[in-house]
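Survey of secondary and tertiary structure
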Amino acid sequence: MNSPPAPTFNLLHEPWIPVRPVNGDPVREVGLRELLLHARTYSRIDDPSPLVTVALLRLTLALLHRALRGPKNLEQAAEWYTHGFPAETLEAYFQTWEGHFDLFHPEKPFWQQKSDKKKPEQYHWSLLSPELNGSNTTPVFGTKKRAEAVAGKSAVETTVRTWLGSTSPARVARLLIQNQSFALGGRVTGASDSQQGGPVMSKALFVATGPNLHETLCLNLLPYPADMAEVDRAVWEWQAEGEDRTVGAGVPLGYADRYTWLSRSILATPEPTTPDALHTLGYGAGVARVEDTNQGRSLEPMAALVSRMVDNKPTLTPLKFNLEKPVWRDLQAILPEPQNQSYVDAKGKVIRVPGFAPLTIQNAARLLEIVNDTAHGESIVQVHAFGQILGDKAGKTSAFRHESYALPLPLLQDWERGGRHIDAAFKEAKLVGNALMNATLRLAAEVVSRGGERDPHKDDVRNLAQTLPGLGAYWAALEAPFRVFLAALDRPGEAAAAWRDSVAREARAAWTLNLQGAGGDGQVLGFAFRPRRTDGKYQPSPQGILDRVLASLNAAQRTNSTAPEVPS
């Protein structure tokens, strides 16, 4: 009796990457070869998970870098942008490395390796997905929690396996790519010692996009100097060369190495009789990584570095998503100038620490400047931000995030042509937001103290203030006006005036919510409008704190200047 053929799933040719055609047809799946050779016919990679989407884009960029050994400079990138990638060079690379893109290759399966344990435990495939069954995370969609509620804690894994069953090689491939990039730090029971997270586990990743996938790839394909191309290796290349990276930790050698870092030893092995239905996989320790803190060649190209105080020292750290704060409030981090921060040291000396905009966004602005000099090009750049938000405990995922913003190209190319208006807009919104917060705290103190009848405990004041919805509603309501403001920056005076109107309107609406949340009756209104004198010092009413700042904003509107700081 003949043995069944060995299972195979070649990622160059098999359909597994979800793409959205530019002609409006439904999303369909394609292989890597089809994706690159016909990228202009697709608008974007479009997976339901933002982590999978950006991880697939990173893999595609790594493949282009290694196959084309470029672009050597922005001029070559502009040539590819206009006329397409050299198809013959791509085809030659595909032919050379075809066997190494097999997900089930018997010796060198794609982006996988066996665990160093003699008998590695087998896990359900859903371990690769934090929203389904990550051992280190509270699942976003609660599969484990539901299983525990139905079957009890001891039967969680069995129940999850029963509910989720098997999956396809295409889905495993997508989750494999995601996990290698975004793996959570910590320990997988029975699999390995505690491991560091994937290279972009908690970073906010910024990507510029064009009207089609080809242009998106070109915008984010950084110049690839010859010295980097010589030493850089994608995971399938260094594995084919027999390199052992399991001992010690290393710095990524270049863009391709970083984009395809082997964070975990994963091995997907389908049943020979049912190769299209995969149940389990091996999972263990991957390759340890040392981050280059000197902004060298291993700098994460999609991340923005912002200046923060760490151990009383100004330090550049990657921008991260915040569950309570949409990314537009940190949009300065991807612009040329305003991410700079100033600090005063112990001797009173002012230290100015510049931030670092994402290399991908810098590259897109420079490339479009070249392209637009030779042909009518884009004046608006779509910037997308992808990432996951970690929970309050190590190794926990709270949410995934995908946001997008339409930014005028001049804003990314020249700070003086618009960026300073954004800086002023943020300062005004933060000034009013701080006044709203101070007014809320004062109102809470008045309510808790019953108008000064007793001394309120600071914890009671803080707890009441945190229950009032105004501040969160204020920032949430400003997102739509901010997008309008960005789109109107070609008329900066009108844009700034409309923005200030929006800030004042939403601040007053938020304050009304706070008054209602505190009770909304006559007594609360009295607390809100009554100034006080404490220890001989005049204290404005809660309403007065907000009104003073809004008055300064209105004065700035009349004089077309930035609202000054107003003490609370």
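**A few points about helix α19 (residues 492-517)**
- Over its 26 residues, α19 runs 37 Å from end to end, which matches the ideal 38 Å to within 8%, given 1.5 Å per residue.
- Turning to α19, its buried residues number three or more, namely A495, A496, W499, R500, S502, V503, E506, A507, A510, W511, N514 and L515.
- Just past α19, the residue G519 takes up positive phi, approximately 135°.

**What about the sheet that holds strand β4 (residues 122-124)?**
- The strand order across the open sheet built from 3 strands is β4-β8-β7, with neighbouring strands paired in antiparallel fashion. Strand pairing shows two members of the sheet lacking a second neighbour, β4 and β7 (264-268), which therefore form its edges. Ignoring which end each strand starts from, the neighbouring axes of this sheet average 40° apart.
- By the bridge criterion, 3 bridges tie β4 to strand β8 (residues 280-285) in an arrangement that is antiparallel. Paired with Y123 across the bridge in β8 is L281.
- Set on the sheet, helix α8 (residues 169-182) makes contact with β7 and β8; between it and β7 the angle comes to about 175°.

**As for the packing of helix α15 (residues 419-449) against helix α16 (residues 458-467)**
- It is the contact of α15 with α16, at a shortest axis distance of 8 Å, that shows an interaxial angle of 120°. Between α15 and α16, the angle falls in the class oblique. The handedness of the crossing between α15 and α16 is right-handed. Only D460, V461, L464 and A465 of α16 make contact with α15, whose side of the interface consists of T440, L441, A444, A445, V447 and V448.
- Tallied by class, residues from the contact of α15 with α16 come to 8 nonpolar, 1 polar and 1 charged.

**Quick look at the sheet that holds strand β2 (residues 28-30)**
- With respect to topology, 3 strands assemble into an open sheet ordered β2-β1-β3, the strand pairing being antiparallel. The open sheet terminates on both sides in strands that have one partner only, identified here as β2 and β3 (42-45). Direction aside, the axes of adjacent strands within the sheet are offset by 45° on average.

**Some details on the side chain of S502**
- Relative to the helices and strands, S502 resides in helix α19.
- Overall, the relative accessible area of 9% leaves S502 in the buried class.
- Ignoring any residue separated from it by four or fewer positions in sequence, one finds S502 in contact with L478 and P481.

**Re unusual backbone geometry**
- A cis amide bond, omega 5°, links G70 with the succeeding residue P71.
- Turning to its location among the elements, P71 is positioned in the loop between α2 (50-68) and α3 (74-83).
- Phi angles above zero are rare outside glycine, and R69 is one such case at about 50°.
- Classification of R69 by relative accessible area gives partly exposed; the value is 39%.
- At W111, a residue that is not glycine, the phi angle is positive and equals roughly 55°.
- Among the structural elements, W111 can be located in the loop between α4 (87-97) and β4.

**A few points about the packing of aromatic side chains**
- In total, this model carries 16 aromatic pairs according to the counting rule given.
- Geometrically, the ring pair formed by W80 and F85 is edge-to-face, given 5.9 Å between the ring centres and 75° between the ring planes. Across the pair, exposure class does not vary: W80 and F85 are buried alike.
- Both rings, one in F482 and one in W499, keep their centres 5.8 Å apart while their planes meet at 70°; by these two values the pair is edge-to-face. Here F482, found in helix α18 (residues 479-487), pairs with W499, found in helix α19; they are 17 residues apart in sequence, far enough to count as distant. Comparing F482 with W499 shows no difference in burial state: the two are buried.

**Some points on the packing of helix α17 (residues 470-477) against α18**
- Following both chains from N to C, one finds α17 and α18 inclined at 30°, their axes separated by 5 Å at the closest point. The orientation of α17 relative to α18 falls into the category roughly parallel. Residues W475, A476 and A477 of α17 lie in contact with α18, whose contacting residues are E479, A480 and P481.

**Quick word on the confidence of the model for the protein chain**
- With 81% of its residues at a pLDDT of 70 or more, the protein chain has an overall mean of 83.
- Throughout residues 294-298 the model reports pLDDT below 50, and contacts reaching past four residues in sequence, or to other chains, amount to 15 contacts.

**Re the pattern of salt bridges**
- Evaluated as defined, the whole model comprises 20 salt bridges.
- Residue D459 is joined to R462 by a salt bridge in which the shortest nitrogen-to-oxygen separation is 2.9 Å. In this pair, D459 and R462 both sit in helix α16, 3 residues apart, roughly one turn of the helix.
- A residue is classified by how much of its surface remains accessible, and D459, at 28% relative accessible area, is partly exposed.
- A relative accessible area of 38% places R462 in the partly exposed class.

**Describing the nonpolar core**
- Ranked by size, the top nonpolar core spans 150 residues in total, and within it W16, L32, F206, W236 and Y474 carry the most contacts.
- Looking at this core element by element, the count peaks at 13 residues for α2.
- Those residues in contact with Y474, other than ones at most four positions away along the chain, are A429, V432, G433, L436, V503, E506, A507 and A510.
- By size, the runner-up hydrophobic cluster in this structure holds 5 residues, among which are A444, V448, V461 and A465.

About the criteria used
- Along each chain, the written sequence defines residue order, and numbers are assigned to residues from 1.
- It should be noted that, the model being predicted, local features are given only for residues of pLDDT at least 70 and side-chain atom pairs only at 80 or more, the latter also being counted only at that level, while totals for whole chains, interfaces and linings use all residues.
- Hydrogen atoms and water are omitted, and side-chain values are computed over all heavy atoms in the structure.
- Each helix corresponds to a stretch of at least 4 residues labelled H or I by DSSP, and each strand to a stretch of at least 2 residues labelled E; elements are numbered beginning at the N terminus.
- Every helix has an expected span of 1.5 Å times one less than the residues it contains.
- Whether a residue is buried, partly exposed or exposed follows from its accessible area with a 1.4 Å probe, protein chains only, as a fraction of its type maximum: under 20%, in between, or over 50%, in that order.
- When DSSP finds at least two bridges between two strands, those strands are taken to pair.
- Only C-alpha atoms enter the line fits that serve as axes; for helices the fit covers just the stretch in contact. Angles between N-to-C directions range over 0 to 180 degrees.
- Contacts were defined at the residue level, with two residues in contact if any of their heavy atoms lie within 4.5 Å.
- When an angle is under 35 degrees it counts as roughly parallel; over 145 it counts as roughly antiparallel; between 65 and 115 it counts as roughly perpendicular; any other value is oblique.
- If you view the pair so one helix is near and one far, a crossing is left-handed when the near helix is turned anticlockwise from the far one by less than a right angle, and right-handed when it is turned clockwise.
- Here the nonpolar group is Ala, Val, Leu, Ile, Met, Phe, Trp, Tyr, Cys and Pro; Asp, Glu, Lys and Arg are the charged ones; every other residue, Gly included, is treated as polar.
- A pair of Phe, Tyr and Trp rings is counted when the ring centres sit within 6.5 Å of each other, with Trp represented by its six-membered ring. The angle between the planes then sorts it: under 30 degrees is stacked, over 60 is edge-to-face, the rest tilted.
- One confidence number per residue, pLDDT, is output by the predictor and ranges from 0 to 100.
- We define a salt bridge as a contact between a side-chain nitrogen of Lys or Arg and a carboxyl oxygen of Asp or Glu at a distance within 4 Å.
- Here the nonpolar core consists of buried residues drawn from Ala, Val, Leu, Ile, Met, Phe, Trp, Tyr and Cys, with membership extended through side-chain atoms lying within 4.5 Å.

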